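Descriptive analysis of the structure
One letter stands for each residue in the lines below.
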Amino acid sequence: MEGVRFFDCNSMIGRRAYREPETIYSKEQFLEDFKYYNIVGSLVYEALAVEYNPAVGNERLMTETEGSERLFPSWVLMPHQTGEMKEPKELIASMVERKVLAARLFPKRHRFSLSGDSCKPLLDELEKNGIPVFIDAAEATIGEVLEVCKRHPDLKVVRTRQWHGEERLLFPALERCDNLYIDTVYFQGFNVIAFVCKEFGADRMLYSADLPYADPGAAKMHILYADINLKEKRMIAGENLQRLLGGVELKPYPDWKPADNLIATVEEGRPLSDVLVIDAHGHISGEDEMTFPGKFAPNSDAEGLIKAMDALGVDMMVISAGASLYSDSKLGNKIVAEAMRRYPNRFIGAGCINPNYPEDIDEEIQFCFYKSGMKVVKPYPAAHKYPLFGSRYRRLLECADRLRLPVLTPGYCDHLPEHREPVKMVEKLSREYPKAKFLMVHSGSRYPVARRYVELAKRCGNVFLEITYTTITYGMIKYLVDEVGDDRVLFGSDAAFRDIAPQLGWVVYAKISEESKRKILGLNMKRILDDVKAP
């Protein structure tokens, strides 16, 4: 996309205490990845500075970034009172002299307070020298960060790893303090980037790769396909960070080429029109609604979903309704049926039946799968608090087996003891209902989950792995393909709980063959749906 250069604001380089084997850590690996993903620069910090000793880690970082035109150093700092760090005036002078462009604070991990007198001298000095400070969302609440912004109005404060779902807390803070910024890597609410641009300005958001934890391409695609103009995309991708850091120079790769045709399409911001894309896991709200269960989700009704799907090139989406999952399943199923009626070639219905109302079960099975033509089953034990193998689900699962329906299968539920070992549960169900297909949702959320689901899929031929999760875990798509094969992995976005684009980008930028991507994006789900038996 013309003029859109990605400058990462938040990646951690170096050896760390625990590392998943599929993730990276060395300078050489980071530079190789930045080129693969066409990220022209990164503001990095050292794992040693976070996990062991800031002073030692900061010095190692200077060695690692010396002479690099891609890696820009940021130091991890602490208050000076214990003597572990220099007095703020001397410390910040050293940062300026050595061209360290930003500071990072970890108050929870390093056991200090952002409020009161301990941090004030340090924050005062950073503010006076125009050095921005980055604070991880896990390290301080929005309220604590807001207080820093109010006490230091000329200090630029970036809240990194800002998750979606906190909009009702975040938006008043953005409104109150124009020196507060967020990164976008996990800020994946449906259409929220466009909303923030409209209400608060595109200058308040920064692109983050969050290596070595997240997939950089997924976060890129979220910006490239946001419903905003080209100027705003340029700002979020890199220009905002350049401005905060005082105008550092970024050089494009003279010899960069996309790894395949799908990446080339995404880099230009065009819809994926030459590949079948079926989103195996989506949700819909009622007409003109902006509230999804517990979350802010503007334009998440049928028209809003179709608009987003068209921009991305998503051909079809499996949908259940938020109302079905969290409140009234009969109302939600009617919303789904109406969306299917209006857009018969775009939406595939997923019937959700609440087992807490046994008097409704037979009627809803008839409505969803026989009258309305829904082709997917969506049980939701997490909210209904009823185990999937309970007797009230039996008639629904028998229907799934009889009609060869795919079942969007939940995993771990803390408040359901029976679901604390989902692998054993699903293995038993997959053998009891061999003609149904069990799609393990959120299989890509993190490696401990993925490893368990991989072993399940290897044992059970009617178990498939659906990927979606906000974590967009680094290397996960390749791991799943390597372990179970490219015909057992499915693309799903979980829209409108999440935006579609980052989940789609997770697959598009994966380091697997284009043929494998095409299977995951749509061909695998088409094969499953083609096997569904007409009632």
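Before reading on, note that the structure itself is shown above.
This section reports on the structure supplied with the text. No experiment lies behind these values; they were computed from the predicted model shown.

Next up on the list: the pattern of salt bridges. Applying the stated criterion across every chain yields a total of 35 salt bridges. Taking the shortest distance from any N to any O, the salt bridge between glutamate 427 and arginine 431 comes out at 3.0 Å. Taken as a pair, glutamate 427 and arginine 431 lie in helix 19 (residues 422-432) at a separation of four residues, close to a single helical turn. Here glutamate 514 and arginine 518 are joined by a salt bridge, their closest N and O atoms 2.9 Å apart. A residue pair is termed a helical-turn pair when its members lie 3 or 4 positions apart in one helix, as glutamate 514 and arginine 518 do in helix 23 (residues 514-530) at four residues.

A few words on the sheet that holds strand 8 (residues 205-206). Strand order in the open sheet formed by eight strands is 1-2-3-4-5-6-7-8, with parallel pairing between adjacent strands. Of all strands in the sheet, those bounded by a partner on one side alone are strand 1 (6-13) and strand 8. When strand 6 (residues 157-160) meets strand 7 (residues 180-183), the two strands line up parallel, connected through three bridges. By the bridge assignment, valine 157 is partnered in strand 7 with leucine 180. Helix 7 (residues 142-151) contacts strand 5 (133-136), strand 6 and strand 7 of the sheet and is inclined by roughly 165 degrees relative to strand 6.

Turning our attention to the side chain of aspartate 33. Looking at the secondary structure, you find aspartate 33 in helix 1 (residues 27-36). There is a polar contact of 2.5 Å between the side chain of aspartate 33 and the side chain of tyrosine 474. At 2.4 Å, the side chain of aspartate 33 and the side chain of lysine 511 are in polar contact. Setting aside residues up to four positions removed in sequence, aspartate 33 forms contacts with Ile24, Leu211, Tyr474 and Lys511.

What follows covers the packing of aromatic side chains. Counted under the stated rule, the structure contains 16 aromatic pairs. With a centroid separation of 6.0 Å and an interplanar angle of 40 degrees, the aromatic rings of tyrosine 37 and tyrosine 509 are classed as tilted. Of this pair, tyrosine 37 sits in the loop between helix 1 and strand 2 (39-46) while tyrosine 509 sits in the loop between helix 22 (500-508) and helix 23, and the two are 472 residues apart along the sequence. Each member of the pair, tyrosine 37 as well as tyrosine 509, carries the same accessibility label: buried. Seen in terms of ring centroids, phenylalanine 195 and phenylalanine 296 are 4.8 Å apart; in terms of plane orientation they differ by 70 degrees. Their pairing is edge-to-face. Pair noted here: phenylalanine 195 is in helix 9 (residues 192-200) and phenylalanine 296 is in strand 11 (residues 295-296), with a separation of 101 residues, a long-range link.

For the rest of this paragraph, the subject is the nonpolar core. By size, the foremost hydrophobic cluster in this structure holds 182 residues, and its most contacted members are Leu77, Leu126, Phe347, Phe369, Ile500 and Leu504. At seven residues, helix 20 (residues 447-459) tops the list of elements feeding residues into this core. Apart from residues no more than four positions distant in its own chain, leucine 504 is found in contact with Met221, Leu272, Val277, Leu312, Val314, Phe491 and Leu521. Counting 14 residues, the second largest nonpolar core, distinct from the first, contains Val376, Leu439, Met525 and Ile528.

Before going further, it helps to spend a moment on the packing of helix 8 (residues 167-176) against helix 9. For the pair helix 8 and helix 9, interaxial distance at closest approach is 11 Å and the crossing angle is 25 degrees. Here helix 8 is positioned roughly parallel relative to helix 9, judged by the angle of their axes. The handedness of the crossing between helix 8 and helix 9 is right-handed. For the pair helix 8 and helix 9, contact is made by Glu167, Phe171, Leu174 and Glu175 and by Val192, Phe195, Val196 and Phe200, respectively. The class makeup of the residues in the contact of helix 8 with helix 9 is six nonpolar, no polar and two charged.

Turning our attention to empty space enclosed by the protein. Throughout the structure, instances matching the rule amount to one cavity of 30 Å³ or more. Of the pockets and cavities examined, the largest cavity occupies roughly 50 Å³. Taken together, Asn10, Tyr45, Arg104, Phe106, Phe134, Ile135, Asp136, Thr160 and Arg161 form the lining of the largest cavity. For the lining of the largest cavity, the element with the most residues is strand 5, which contributes three residues. When the residues that make up the lining of the largest cavity are grouped by side-chain class, the tally is four nonpolar, two polar and three charged.

On to helix 10 (residues 216-224). The buried fraction of helix 10 amounts to nine of the nine residues, a majority that puts the element mostly inside the structure. Of all the positions in helix 10, only Pro216, Gly217, Ala218, Ala219, Lys220, Met221, His222, Ile223 and Leu224 are classed as buried. Taking the backbone nitrogen of glycine 217 as reference, a side-chain oxygen 3.0 Å away marks aspartate 215 as the first, capping residue of helix 10.

On to the environment of lysine 108, then. Take lysine 108: it is sitting in helix 5 (residues 107-110). With relative accessibility at 57%, the residue lysine 108 sits in the exposed group. It is 28 Å that separates the C-alpha atoms of lysine 108 and glycine 444, two residues lying 336 residues apart in sequence. When near neighbours in sequence (up to four residues on either side) are disregarded, lysine 108 contacts Ala138 and Glu139.

Of all eight residues in strand 1, eight are buried; the element is thus mostly enclosed. Direction of pairing for strand 1 relative to strand 2: parallel, over a ladder of six bridges. Note on strand 2: the bridge partner recorded for isoleucine 13 is glutamate 46. In the classification by handedness, the crossover that spans strand 1, the intervening helix 1 and the parallel strand 2 is right-handed.

Turning our eyes to something else, we now look at the side chain of threonine 184. Along the polypeptide, threonine 184 turns up in the loop between strand 7 and helix 9. Filtering out sequence-adjacent residues up to four positions away, threonine 184 remains in contact with Ile193, Met205, Leu206, Tyr207, Ser208, His222, Ile223 and Ile236.

Cut-offs and rules
- Residues numbered from 1 in each chain as written.
- Predicted model: local features only at pLDDT ≥ 70, side-chain atom pairs only at ≥ 80, totals over all residues.
- Heavy atoms only, no water.
- Salt bridge = Lys/Arg side-chain N within 4 Å of Asp/Glu carboxyl O.
- Helix = DSSP H or I, 4+ residues; strand = E, 2+ residues; numbered from the N terminus.
- Pairing = 2+ DSSP bridges.
- Contact = heavy atoms within 4.5 Å.
- Axes fitted to C-alpha atoms, helices over the stretch in contact; angles between N-to-C directions.
- Polar contact = N/O pair within 3.5 Å; in protein donor to acceptor, adjacent residues only side chain to side chain.
- Phe/Tyr/Trp six-rings, centres within 6.5 Å; stacked < 30°, edge-to-face > 60°.
- Buried < 20%, exposed > 50% of the residue type's maximum accessible area, 1.4 Å probe, protein only.
- Core = buried A, V, L, I, M, F, W, Y, C linked by side-chain atoms within 4.5 Å.
- Parallel < 35°, antiparallel > 145°, perpendicular 65-115°, else oblique.
- Left-handed = near helix turned anticlockwise from the far one by under 90°.
- Nonpolar A, V, L, I, M, F, W, Y, C, P; charged D, E, K, R; others polar.
- 1 Å grid on protein atoms, 1.4 Å probe; cavity = no way out; pocket = protein on both sides within 12 Å on 5 of 7 lines; lining within 4 Å.
- Points joined across faces, edges and corners; volume = space filled by probe spheres on them.
- Right-handed = clockwise from strand over helix to strand, strands pointing away.

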